[in-house]
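Analysis of the macromolecular model
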Amino acid sequence: MLELQGLAVRYGAVEAVRGVDLHVGRGEAVALLGANGAGKTSLLRAASGLEQATTGRVLLAGEDITALRADERARRGLAHVPERRRIFPGLSVEENLRVGATAWARWRSPLASDLERVYGLMPRLAERRRQAGWSLSGGEQQMLALGRALMARPRVLLLDEPSLGLAPRLAEDIYVQLRRIASEGATVLLVEQNTVLGLSVAVRGYVLEGGRITLEGVREALLGNPAVHDAYLGGGPSPSSSPA
Ligand SMILES: Nc1ncnc2c1ncn2[C@@H]1O[C@H](COP(=O)(O)OP(=O)(O)O)[C@@H](O)[C@H]1O
Ligand SMILES: [Mg+2]
């Protein structure tokens, strides 16, 4: 469904992403893991068109969308939930959700049924539907950002560190939703520093280090690889590591 071929992103002299090949199958949830500064956000932004790739191609369901703007990619079904959410603080919860629906051709389905679906997934948003975005807690804002992306009925959901800045219990709340969405057949590319959380959703993952994929494998192989815990990543306890 989503394929990145030899993707590179450069900011002046900084080579943030250096020739990444990656694919996400239809209905598959894939994690992109890596430490802070590895290039995860840059890669995701290049996929959704918020950043222009210096080289490489982005394919969505086989169509080369590399030359398209971010809004054109969104209209083709690519939804990006950016790092640190970015909901509209002055709009209510429901207004935020309605904005999400405008990314996709609206006549495809009645808006009400999409709202019902999101409220069904995240009842806390339903309870707070009239409240302003700014009044929500960090975890609720992350839910709203996720709900807004789902309103677009995306073909591919790109998620950038949904747990960032959240207390562990709130992060787990979000991940309960993500596991449910993934199990219902969504196609997801999930960026995470926290290996254990990321691989609780994804069946397969890539490890990004210094802008390059250094490791790739199914969930069990990555979780069982001490290098994933000890060398690359800070997130999550390793069963094999001794307490420091
Ligand atoms: N807009 C930017 N301008 C210059 N350098 C950037 C910019 N955004 C990110 N970088 C650099 O690119 C590298 C990768 O950053 P980023 O993609 O944010 O990594 P991650 O999301 O894995 O933490 C880092 O060295 C970072 O400092
Ligand atoms: Mg990042």
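Note that the structure is predicted; figures quoted are calculated from it, not measured. Along each chain, residues carry numbers from 1 onward, in the same order as the chain's sequence is written. Here the convention is simple: chains get letters from A, ligands get numbers from 1, in the order in which they are written. Owing to the predicted nature of the model, reporting of local features is limited to residues with pLDDT of at least 70; listing and counting of side-chain atom pairs is limited to 80 or more, with chain, interface and lining totals taken over all residues. Here the side-chain values reflect all heavy atoms present in the structure, with hydrogen atoms and water set aside.

1. A short note on the coordination of the magnesium ion (ligand 2)
Think of it this way: four donors in a tetrahedron around the metal ideally sit 109.5 degrees apart, and six in an octahedron ideally sit 90 or 180 degrees apart. At 2.0 to 2.2 Å from the magnesium ion (ligand 2) lie its protein donor atoms, namely Thr41 (OG1) and Glu83 (OE). Here the residue Thr41 occupies a position in helix α1 (residues 40–48), and Glu83 occupies one in the loop between β6 (78–81) and α3 (93–101), the gap between them amounting to 42 residues. Between buried and exposed lies partly exposed: a residue is buried under 20% and exposed over 50% of the maximum accessible area for its type, with that area taken using a 1.4 Å probe on protein chains only. The class of Thr41 is partly exposed, set by a relative accessible area of 22%. Sites may look incomplete, because water is not among the atoms used; the donor set itself consists of N, O and S atoms within 2.8 Å of the metal (3.2 Å for Na, K and Ca). Per the convention used, a helix needs a DSSP run of H or I reaching at least four residues, while a strand needs a run of E reaching at least two, with both numbered from the N terminus.

2. A short note on helix α7 (residues 168–183)
Multiplying 1.5 Å by the residue count of a helix minus one yields the expected span of that helix. With 16 residues, α7 extends 22 Å from end C-alpha to end C-alpha; this agrees with the ideal 22 Å at 1.5 Å per step. Of the positions making up α7, those classed as buried are Ala171, Asp173, Ile174, Tyr175, Gln177, Leu178, Ile181 and Ala182. In the segment just after α7, Gly185 is the residue with positive phi, at about 100°.

3. Re the sheet that holds strand β5 (residues 63–64)
Any two strands are treated as partners once DSSP identifies two or more bridges connecting them. Judged by pairing direction, the sheet is antiparallel, and its 4 strands sit side by side in the order β2-β1-β4-β5 without closing on themselves. This sheet does not close on itself; its edge strands, each paired only once, are β2 (14–24) and β5. Inspection of the sheet shows strand β1 (residues 2–11) paired to β2 by 8 bridges, in the antiparallel sense. Each bridged residue has a counterpart across the sheet, and for Tyr11 the counterpart in β2 is Val14. A contact between two residues is defined here by any heavy atoms of the two lying within 4.5 Å. Comment: axis = line fitted to C-alpha atoms, over the contacting stretch for helices; angle = value between 0 and 180 degrees taken between N-to-C directions. The sheet strands contacting α1 are β1, β2 and β4 (55–60), and the helix crosses β1 at an angle near 115°.

4. Focus: the packing of α3 against helix α6 (residues 138–151)
At a minimum axis distance of 6 Å, the contact between α3 and α6 shows a crossing angle of 35°. At the point where α3 passes α6, the crossing takes the right-handed sense. Side by side, α3 and α6 meet where Val93, Asn96, Leu97, Gly100 and Ala101 of the first sit next to Leu144, Gly147, Arg148 and Met151 of the second. Three classes are used: nonpolar for Ala, Val, Leu, Ile, Met, Phe, Trp, Tyr, Cys and Pro, charged for Asp, Glu, Lys and Arg, and polar for all others, with Gly counted as polar. Looking at the contact of α3 with α6, its residues break down into 5 nonpolar, 3 polar and 1 charged. Less than a right angle of anticlockwise turn of the near helix away from the far helix marks a crossing as left-handed, whereas a clockwise turn marks it as right-handed.

5. A closer look at the environment of Val93
In this fold, Val93 is placed in helix α3. In this structure, Val93 is in contact with Leu125, Arg128, Arg129, Gln131, Leu136 and Leu144, ignoring residues within four places of it in sequence.

6. Here we look at the sheet that holds strand β7 (residues 156–160)
By definition, the strands of a sheet pair up through backbone hydrogen bonds, in either a parallel or an antiparallel sense. Taken in spatial order, the 6 strands of this open sheet run β6-β7-β8-β3-β9-β10, and their pairing is mixed. Two strands in the sheet have a free side with no partner beyond their single neighbour: β6 and β10 (212–218). Strand after strand, the sheet turns through a mean of 15° between neighbouring axes, direction not considered. Two strands pair when backbone bridges link them, and β6 and β7 are joined in this way by 4 bridges, in the parallel orientation. Residue pairing for β7: Ala79 is matched across the bridge by Leu157. Across the sheet, α1 touches β3 (29–33), β6, β7, β8 (188–192) and β9 (204–209), and the angle it forms with β7 is around 150°.

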